[in-house]
Amino acid sequence: MATFQNEITMEYSTEEVFKVFKETAKKDFQSFDEENPIGTFVERKVGAYSERKGKMKVRITDYKINSVYEITSTKGSVVYKSRYEFYPLSENTTKLLLIESQYTTGLFNRANALVASIVFKGRIKKRFKFFIKCLEDQIEKNCMQ
């Protein structure tokens, strides 16, 4: 299994940061129920611009208000997990931890983990920076409403 971890301290309350995740879940998962979100899923088409088209199932696998938001995406034997953990450091400061993992069931799991850890490490950091910029933009948008 290939695992990547990124974290950032944000100058927003945990409630403000988590609110963006909750609002996104409401948009992405038609049957999202905040009281019982675990197990909610959606199927998405992937590979529109490649020869390897198919469907990916995205499922909420852990959810604790202002604490944890985790989704697991599965396509065939490949499983991707994104776990967001929220830690209040003060009234207006939150540490956001993102743990991403990918694994393949079957014989090639170790080989895939090695290749992913070498090839994708730099991309993961760049994608995290972009993600944080978008998250901050969305928080600011919500604060102004």
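Residues numbered from 1 in each chain as written. Predicted model: local features only at pLDDT ≥ 70, side-chain atom pairs only at ≥ 80, totals over all residues. Heavy atoms only, no water.

The next point concerns the overall build of the protein chain. Secondary structure summary: the protein chain contains 3 helices and 6 strands in total. In the protein chain, the succession of helices and strands from N to C terminus is β-α-β-β-β-β-β-α-α. Out of the 145 residues in the protein chain, the part that is buried amounts to 36%. When contacts within the protein chain are restricted to residue pairs at least 6 apart in sequence, long-range pairs at least 24 apart make up 50% of them. Put simply, the protein chain shows about 9,500 Å² of open surface, and 53% of that area lies on carbon and sulfur atoms. (Helix = DSSP H or I, 4+ residues; strand = E, 2+ residues; numbered from the N terminus. Buried < 20%, exposed > 50% of the residue type's maximum accessible area, 1.4 Å probe, protein only. Contact = heavy atoms within 4.5 Å. Areas by Shrake-Rupley, 256 points an atom, 1.4 Å probe, with all protein chains shown as cover.)

Below, the discussion takes up the layout of surface pockets. One number sums up the size of the largest pocket: a volume of about 930 Å³. Lining the largest pocket are 30 residues, and of these Ile-71, Ser-82, Tyr-84, Glu-100 and Arg-127 lie nearest its centre. Secondary structure elements with two or more residues in the lining of the largest pocket: strand 1 (2–10), helix 1 (14–28), strand 3 (54–64), strand 4 (68–75), strand 5 (78–90), strand 6 (93–104) and helix 3 (121–143). Of all the elements, helix 3 adds the most residues to the lining of the largest pocket, at 8 residues. A breakdown of the residues in the lining of the largest pocket according to their chemical character gives 18 nonpolar, 6 polar and 6 charged. (1 Å grid on protein atoms, 1.4 Å probe; cavity = no way out; pocket = protein on both sides within 12 Å on 5 of 7 lines; lining within 4 Å. Points joined across faces, edges and corners; volume = space filled by probe spheres on them. Nonpolar A, V, L, I, M, F, W, Y, C, P; charged D, E, K, R; others polar.)

A few words on the sheet that holds strand 2 (residues 41–46). The sheet built from 6 strands is open, its strands ordered 1-6-5-4-3-2 with antiparallel pairing. Because the sheet does not close on itself, it has two edges, and the strands there are strand 1 and strand 2. Each strand axis lies, on average, 20° off the axis of its neighbour in the sheet, ignoring direction. Relative to strand 4, strand 3 runs antiparallel, the two sharing 7 bridges. Paired with Ile-60 across the strands is Ile-71, a residue of strand 4. On the sheet, helix 1 packs against strand 1, strand 2, strand 3, strand 4, strand 5 and strand 6 and is oriented at approximately 150° with respect to strand 5. (Pairing = 2+ DSSP bridges. Axes fitted to C-alpha atoms, helices over the stretch in contact; angles between N-to-C directions.)

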